[in-house]
Amino acid sequence: MRLNSGPPPGPYAPGVTPHGPYAPGVTPPAAGPYLSGGSQDFASTPAEKKAAAGTIETELEPNTKKASEHADEATGSAQKGFDGWDTAAGLKKVAETWDQQVKTLMGRLAGEKGALRGASGLFTRNDTGLNNQFLSQSKLNGL
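Residues numbered from 1 in each chain as written. Predicted model: local features only at pLDDT ≥ 70, side-chain atom pairs only at ≥ 80, totals over all residues. Heavy atoms only, no water.

Participant: An account of the overall build of the protein is requested, with residue identities and associated values reported.
Facilitator: Each helix and strand in the protein was counted, giving two helices and two strands. The linear arrangement of helices and strands in the protein, starting from the amino end, is β-β-α-α. Taking all 143 residues of the protein together, the buried fraction comes to 14%. In the protein, the share of contacts with a sequence separation of at least 24, taken over all contacts with a separation of at least 6, comes to 56%. (Helix = DSSP H or I, 4+ residues; strand = E, 2+ residues; numbered from the N terminus. Buried < 20%, exposed > 50% of the residue type's maximum accessible area, 1.4 Å probe, protein only. Contact = heavy atoms within 4.5 Å.)

Participant: Run through a negative patch on the surface, naming residues and quoting values.
Facilitator: Together, D72, E73, E96 and D99 make up a negatively charged patch on the protein surface. For the negative patch, the elements supplying multiple residues, two or more each, are α1 (46-81) and α2 (86-137). Of note, E73 is situated in helix α1. (Patch = residues over 30% accessible without salt bridge, like charges linked within 9 Å, V, L, I, M, F, W, Y side chains within 5 Å. Areas by Shrake-Rupley, 256 points an atom, 1.4 Å probe, with all protein chains shown as cover. Salt bridge = Lys/Arg side-chain N within 4 Å of Asp/Glu carboxyl O. Lys, Arg positive; Asp, Glu negative; His and termini not counted. Charge placed at Lys NZ, Arg CZ, Asp CG, Glu CD.)

Participant: Can you lay out the pattern of salt bridges for me, pointing to particular residues and giving the numbers?
Facilitator: For the coordinates displayed, the defined rule picks out four salt bridges. Here E69 ties to K65 by a salt bridge, and the two come within 3.7 Å at their closest N and O atoms. Remark: K65 and E69 occur in helix α1; sequence separation between them is four residues, near one turn of the helix. The exposure class of E69 is partly exposed, given its relative accessible area of 38%. Of the charged contacts, one joins E112 and R108 as a salt bridge, the two residues approaching to 4.0 Å between their closest N and O atoms. Taken together, the residues span about one helical turn, with E112 and R108 both in helix α2 at a distance of four residues.

Participant: Hey, could you go over the confidence of the model for the protein for me, with residue numbers and the actual values?
Facilitator: Where the model shows low pLDDT, its predicted coordinates should not be examined in detail. The share of residues in the protein with pLDDT of 70 or more is 63%, and the mean pLDDT across the chain is 77. Highest mean pLDDT in the protein belongs to α1 (92); lowest belongs to strand β1 (residues 16-17) (52). (pLDDT = per-residue confidence, 0-100.)

Put into structure tokens, the structure is as follows:
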């Protein structure tokens with residue numbers, strides 16, 4: 001038995017794009033470097049890396065922490081409301097899993113922030129090191 005009569009319109013069902021479903025009123029992202037049709041150059045400047053690290057520090061980390069605390073409060077309240085029921089034990093397990101996932105995410109954000117901040121220095125040190133190596137090995141050096 002078919003639940004839908006006929007094929008969906010176009011190649012995708014309504015509200016679904018090649019990049020996933022979007023809620024009504026939510027505009028799918030424009031093509032960018034990570035979506036088809038975007039730039040094939042993954043390079044970024046030191047300033048862009050610094051800005052990305054700053055965004056992680058000033059927006060993503062504090063907002064993730066705030067959302068986590070809000071969820072903990074709401075789950076704690078619900079857990080108290082179901083005290084004595086199996087639902088309370090289930091909510092406790094969900095809260096523990098959530099806290100572990102948030103801890104993992106915060107660690108990952110901190111790692112990405114550090115990597116972004118350190119990448120420019122690594123490239124500079126690598127370039128300087130190669131330059132010094134070439135200068136010390138060149139037979140033309142000192143002519």
